[in-house]
Amino acid sequence: MKHFSRQYPYVFIASVTTIVAGVLHATTVAFEHVDIPPEFWFFIVSGVAQIIWGVNYFYHRTSNMYFVGAVLNLGLTFFWLSVRLFPAPFSDVPETIGTLGIVTALVQLTAFGSSFWSLYRFGITTVKSIAFLLILSLALSWIGYITAKTSEGILLQIWPGIEEAPHGHGEEEAGHSDDNDDVESQEEHDDTDEPVGHID
């Protein structure tokens, strides 16, 4: 079997893009959250799962593999979107949208599209299967999100330092903005209180 066949380029695309997304999650993204152990290990596990699937996809191209790849990448993309629309775990505000997040999401969407195209090429896409794929992806992302939010109290007892950790969810930016406003307000107040010189 030729694993890099021109006849099936989507196999190569799905495998490589999923592996790339996995490497990003398990390295760069994970270490951006190293001060928050639950998030750090979530990205490590997610990244390793993507890498394993991407490597395995070269050798076991079955309808189940196509389906799992599509759900895995779309589910993680939905999760990425969830924490940017709603308060992120261990935070009261959504995560900010950064370049790394956008790149990772686009890579995952490409992997999803290639996996879905594999399902289509093998004639196993039906309205029912597509609906099930979307529902399962959404369900997995929301199960992950709800679990993360509802377990905050327990996890904070295990890792109390999380509260002081830099989350990168926008609090720091808001804090700096408030500090700048306070400084500007104080400067204006000082200018107003400055005594005016009188000419005798």
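Throughout this document, residue positions are counted from 1 along each chain, in the order its sequence is written. Local features in a predicted model are, by the rule used here, given only for residues with pLDDT of at least 70; side-chain atom pairs are given and counted only at 80 or more, and totals for whole chains, interfaces and linings are based on all residues. Think of the side-chain values as coming from all heavy atoms in the structure, minus any hydrogens and water.

Caption draft 1: Geometry of the pattern of salt bridges. For this document, the term salt bridge refers to a Lys or Arg side-chain nitrogen within 4 Å of an Asp or Glu carboxyl oxygen. By the definition in use, this model includes two salt bridges. Here glutamate 95 and arginine 84 are joined by a salt bridge, their closest N and O atoms 3.2 Å apart. Taken together, the residues span a long stretch of sequence, with glutamate 95 in the loop between helix H3 (63–85) and helix H4 (99–121) and arginine 84 in helix H3 at a distance of eleven residues. Each residue's exposure class comes from its accessible area (1.4 Å probe, protein chains only) as a fraction of the maximum for that residue type: buried when under 20%, exposed when over 50%, partly exposed otherwise. Overall, the relative accessible area of 16% leaves arginine 84 in the buried class. Residue lysine 149 pairs with glutamate 152 through a salt bridge whose shortest N-O separation is 3.0 Å. Note on lysine 149: relative accessible area 23%, which makes it partly exposed. Note on conventions: DSSP H or I runs of at least 4 residues are helices, E runs of at least 2 residues are strands, and numbering of each starts at the N terminus.

Caption draft 2: Focus on helix H2 (residues 37–57). Multiplying 1.5 Å by the residue count of a helix minus one yields the expected span of that helix. With 21 residues, H2 should reach 30 Å at 1.5 Å per residue; the first-to-last C-alpha distance of 30 Å fits that figure. Within H2, the full set of buried residues consists of Pro37, Pro38, Glu39, Phe40, Phe43, Ile44, Ser46, Gly47, Gln50, Trp53, Gly54 and Tyr57. Contact between two residues is taken to exist if any of their heavy atoms lie within 4.5 Å; hydrogens are not considered. The secondary structure elements touched by the buried residues of H2 are helix H1 (9–32), H3, H4 and helix H6 (152–158).

Caption draft 3: Spatial organisation of a nonpolar patch on the surface. Nonpolar side chains (Val, Leu, Ile, Met, Phe, Trp, Tyr) within 5 Å and like charges within 9 Å form the patches, drawn only from residues with over 30% relative accessible area and no salt bridge. Where accessible areas are quoted, they stem from the Shrake-Rupley method and a 1.4 Å probe; at the residue level, only the protein chains shown are allowed to cover. On the surface, Leu81, Leu85, Phe86, Leu138, Trp142 and Ile146 cluster together into a nonpolar patch covering about 530 Å² of accessible area. Listing elements by their share of the nonpolar patch, those giving two or more residues are H3 and helix H5 (127–150). With three residues, the single largest contributor to the nonpolar patch is H5. Mapped onto the secondary structure, tryptophan 142 falls in helix H5.

Caption draft 4: Up close: the environment of phenylalanine 112. Among the structural elements, phenylalanine 112 can be located in helix H4. For phenylalanine 112, a relative accessible area of 17% corresponds to the buried category. As a C-alpha pair, phenylalanine 112 and threonine 18 span 94 residues in sequence and 8.4 Å in three-dimensional space. In this structure phenylalanine 112 touches Ala70, Asn73, Leu74 and Leu133, once residues within four positions along its chain are discounted.

Caption draft 5: Quick peek at the nonpolar core. Grouped together as the largest cluster of nonpolar side chains are 14 residues, with contacts concentrated most on Trp53, Tyr57, Phe67, Phe112, Leu119 and Leu133. The set of elements that each furnish at least two residues to this core consists of H1, H2, H3 and H4. Considering each element in turn, this core owes the most residues, six residues, to H3. When residues no more than four places from it in sequence are discounted, the contact partners of leucine 119 are Ser63, Tyr66, Phe67, Ile124, Thr125 and Leu133. Within the second largest apolar cluster, six residues are counted, among which are Ala26, Ala30, Phe40 and Phe43. The definition of a nonpolar core used throughout is a set of buried Ala, Val, Leu, Ile, Met, Phe, Trp, Tyr and Cys residues joined through side-chain atoms within 4.5 Å.

Bear in mind that shape data such as this cannot, by itself, settle questions of function.
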